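Each chain, letter by letter, is given below.
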Amino acid sequence: MGSHIELGTSLHPCSNSSPLHPIASNSATLGRHLARRLVQVGVKDVFSVPGDFNLCLLDHLIAEPELSLVGCCNELNAGYAADGYARAKGVGACVVTFTVGGLSVINAIAGAYSEDLPVICIVGGPNSNDYGTNRILHHTIGLPDFSQELRCLQTVTCFQAVVNNLDDAHELIDTAISTALKESKAVYISISCNLPAVPHPTFTEEPVPFYLAPRLDQQSNGLEAAVEATAEFLNKAVKPVIVGGPRLRVCKAQQAFVELADASGYAISVMPSGKGLIPEHHRHFIGTYWGAVSSSFCGEIVESADAYVFVGPMFNDYSSVGYSLLIKKENAVIVQPNRVTVGNGPSFGCVYMADFLTALASKLKKNTTAMENYQRIFVPHGIPLKREINEPLRVNILFKHIQEMLSGDTAVIAETGDSWFNCQKLHLPENCGLNFNLSMILPRYEFQMQYGSIGWSVGATLGYSQAAKHKRVIACIGDGSFQVTAQDVSTMIRCGQKTIIFLINNGGYTIEVEIHDGPYNVIKNWSYTKFVDAIHNGEGKCWTTKVTTEEELIEAISKATGEEKDSFCFIEVLVHKDDTSKELLEWGSRVSAANSRPPNPQ
């Protein structure tokens, strides 16, 4: 990551202690306005890496008593942490420095954009007097052009604000934040380093309360037409099903989805990237629909249906298992955030998902045929996993015990890799997935499927744990992914987080092996527990152990959930390099086939 001129301070990275140079808390300055705006939209923790262009801004963020600054080891992890925080809180923020910081954080911001997460990426920019000159600044590529960072981040954010003039700073900041929330996408704000401490008439000591413009009422006839066409289509079907997708989160339509499921009697399933967004204890839930690697008996029910309602789906080569889904467009109703398409047509725009689902629920005839078919063919897992005394630990044994750890007080984060497939098979208990008492329904299961950036989970675990302090986060991370972003375990320990990380050590990039193997998928083995012990260095609560058998695993889990329940716990699990889920083997071969398609004839 970029090197910076560091701010020498003894502040705890998760504190809101006063800066070395106290700032009057009632100053009507740009810095205070930004800090208060972040608090008003729900951000209580900002993830940061200091650099000389953002130091004054950081002083103002620290001076806000309701805001904590969480110092991260690098910008990539700060961005990943803001991503994880947004998953739990609904919005997240990170602060980095000009260009070396902005270009370092870009991969995390791209991931947040792809996953429809409102992340506010704030950069400390050049002195306002340097814009429009022919000067060459440090932290740039050596040209008198300051726009490289902006141009790069334009491609992965939905709004960009370059604040180098106080007259329009108020408007730009407020527009950026409101756009992030309305679009549920990442935004970029650059603030000149000489502006945060300057008062201006457009700022007030206590900013005017922040409200989003109310959504315009949709035309009732448009909604009515969409509902009538869909109801007619579905009421003719013999065995319709419903499949929930990841964009349920953007629309906050989980409650409406459940209302539709209750009213219709249809069997319900979830796309892999939608796991955690609908309650798995629902009486009509049949599992994850993921084509050839679906939950047992779920794929057969969905693909044999004569009508399927996909609510908030995102179809790509990963979610479609190399474009191999046996779904017919003419049998599908596709419900997106603002559009409904019925079969091959018609398509209705400006129809909001939650409103549509609620209205549709009252128009459908009860039809439990698909659910009855599922119950007829379903065979529960009846053969317990067997092993010999002190037999080397297997991954399926590990996840059997992780399943037993889950409760309403836990959350699961799955890293890109085989953990995707093993964690998909975990059954989320009641209250682990949803809490209908909250105004915004929060998932308690997270993974990054669309962007699939290895290493994402370390920073995301940091951010999620900081936002959801009432939950014990269980993160399942492969050794290859961990090596990308391992440093910010340090920040977890310093913040007093009680996360449990299962580090699955199988000697390489297993998911890549199953797509296309080669010597590049083998990595240098670390002594991971000793690595974390070195980071711990006797400061904070941290407990580590290495396990190779089920007996050792049981003992480790008992300790992590017992006497070390208030500590950060790191459990290194040694397994065979070829010990993978059957789903990864199938998925990998199909994705490989899709990747290796020959060029079309020219």
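Residues numbered from 1 in each chain as written. Predicted model: local features only at pLDDT ≥ 70, side-chain atom pairs only at ≥ 80, totals over all residues. Heavy atoms only, no water.

In the annotation of an unreviewed UniProt entry, the entry for the chain reads pyruvate decarboxylase, and the organism field reads Papaver somniferum. Reading the Catalytic activity (unreviewed entry) entry of the UniProt record for the chain gives the comment "a 2-oxocarboxylate + H(+) = an aldehyde + CO2". (UniProt positions renumbered as here; feature names shortened; annotations may be inferred.)

### Quick look at the sheet that holds strand S16 (residues 472–478)
In spatial order, the strands read S15-S14-S16-S17-S19-S18; together these 6 strands make up an open sheet with parallel pairing. A single partner strand is all that each edge strand has here, and the edge strands are strand S15 (445–446) and strand S18 (542–547). Bridge count between strand S14 (residues 410–414) and S16: 5 bridges; the pairing is parallel. Residue alanine 414 lies in a different strand from S16, and its bridge partner there is cysteine 476. Along the sheet, helix H15 (residues 456–467) makes contact with S14, S15 and S16, crossing S14 at roughly 160°. (Pairing = 2+ DSSP bridges. Helix = DSSP H or I, 4+ residues; strand = E, 2+ residues; numbered from the N terminus. Contact = heavy atoms within 4.5 Å. Axes fitted to C-alpha atoms, helices over the stretch in contact; angles between N-to-C directions.)

### Side note on the sheet that holds strand S5 (residues 160–163)
Reading across from one edge, S2-S1-S3-S4-S6-S5 is the order of the 6 strands in this open sheet, with parallel pairing throughout. The strands lining the two open edges of the sheet, one partner per strand, are strand S2 (68–71) and S5. In this sheet, adjacent strand axes meet at a mean angle of 20° when their direction is disregarded. Pairing analysis gives 6 bridges linking strand S3 (residues 92–97) to strand S4 (residues 119–125), with the strands arranged parallel. In the sheet register, cysteine 94 faces S4, and the bridge partner there is cysteine 121. Helix H1 (residues 30–40) contacts strand S1 (45–48), S3, S4, S5 and strand S6 (187–192) of the sheet and is inclined by roughly 165° relative to S4. On top of the sheet, helix H3 (residues 75–89) reaches S1, S3 and S4; it is set at about 165° to S3, its chief contact.

### Brief notes about the pairing of strand S11 (residues 332–336)
Of the pairings in the sheet, the one linking strand S10 (residues 308–311) to S11 comprises 4 bridges and is parallel in character. Paired with valine 311 across the strands is valine 335, a residue of S11. Both S11 and strand S12 (residues 339–342) contribute to a ladder of 4 bridges, which runs antiparallel. Bridging from a neighbouring strand, valine 335 pairs with valine 340 of S12. In this structure, the hairpin formed by S11 and S12 is closed by a connection of 2 residues.

### Here we look at the pattern of salt bridges
Scanning all chains against the criterion turns up 24 salt bridges. Notably, a salt bridge pairs arginine 249 with glutamate 446, separated by 2.9 Å at the nearest N-O pair. A residue pair is termed long-range when its members are at least 10 positions apart, and arginine 249 in helix H8 (residues 248–251) and glutamate 446 in strand S15 qualify at 197 residues. The burial state of arginine 249 is the same as that of glutamate 446; both residues are buried. Where glutamate 586 meets arginine 590, a salt bridge forms, and the shortest distance between an N and an O atom there is 2.4 Å. Placement of both glutamate 586 and arginine 590 in helix H21 (residues 582–595) is noted, with a separation of 4 residues, approximately one turn of the helix. The partly exposed category is assigned to arginine 590, whose relative accessible area is 31%. The network of salt bridges with shared partners includes Arg32, Arg36, Lys44, Glu64 and Glu66. (Salt bridge = Lys/Arg side-chain N within 4 Å of Asp/Glu carboxyl O. Buried < 20%, exposed > 50% of the residue type's maximum accessible area, 1.4 Å probe, protein only.)

### Let's talk about the packing of aromatic side chains
Within a pair of aromatic rings, the relevant descriptors are the distance that separates the centres and the angle that separates the planes. As enumerated under the stated definition, the model contains 19 aromatic pairs in all. Directly above the aromatic system of tyrosine 113 lies the positively charged group of lysine 185, at a separation of 4.2 Å from the ring centroid. The ring of tyrosine 445 carries the charged tip of lysine 275 above its face, separated from the ring centre by 5.4 Å. (Phe/Tyr/Trp six-rings, centres within 6.5 Å; stacked < 30°, edge-to-face > 60°. Lys NZ or Arg CZ within 6 Å of the ring centre and 35° of its normal.)

### Regarding the pairing of strand S19 (residues 568–574)
The two faces of a sheet get side chains in turn, since along a regular strand they alternate between them. Across the 7 residues of S19, 6 count as buried, placing the element largely inside the fold. Sheet topology note: the S18/S19 ladder contains 6 bridges and is parallel. Among the inter-strand pairings, threonine 544 is bridged to a residue of S19, identified as phenylalanine 570. Handedness of the crossover joining S18 and S19 through helix H20 (residues 550–561) is recorded here as right-handed. (Right-handed = clockwise from strand over helix to strand, strands pointing away.)

### Notes on the UniProt feature "binding site: Mg(2+)" (unreviewed entry) in the chain
As recorded in UniProt, the feature "binding site: Mg(2+)" (unreviewed entry) lies at Asp479, Asn506 and Gly508. Separation in sequence by 30 residues is not matched in space for these annotated residues, since their most distant C-alpha atoms are only 7.0 Å apart. Along the chain, aspartate 479 turns up in helix H16 (residues 479–485). With residues near it in sequence (within four places) discarded, aspartate 479 still touches Leu503, Ile504, Asn505, Asn506, Gly507, Gly508, Ile523 and Tyr528. Note on placement: glycine 508 falls in the loop between strand S17 (500–505) and helix H18 (510–515).

### Some thoughts on the domain arrangement of the chain
Here the chain is partitioned into domain 1 (30–192), domain 2 (220–377) and domain 3 (395–589). Each of domain 1 and domain 3 was reduced to a C-alpha centroid, and the two centroids are 29 Å apart. With 23 residues of domain 1 at the contact, the number on the domain 3 side is 28 residues. For the pairing of domain 1 and domain 3, the buried interface totals around 1900 Å² over both sides, and the portion due to carbon and sulfur atoms is 59%. One can count 1 salt bridge joining domain 1 with domain 3. (Domains from an automatic or database assignment. Buried area = accessible area lost by both parts, 1.4 Å probe.)

### Structural notes on H20
Turn by turn, an α-helix covers 3.6 residues, leaving residues three or four places apart pointing in a common direction. In this model, H20 (12 residues) spans 16 Å end to end at C-alpha, consistent with the 16 Å of a helix rising 1.5 Å per residue. Turning to H20, its buried residues are Glu550, Leu553, Ala556, Ile557 and Ala560. Along H20, the residues classed as buried sweep out an arc of 120° about the axis, all on the same side. (Expected span 1.5 Å × (residues − 1). Arc of directions from axis to C-beta.)

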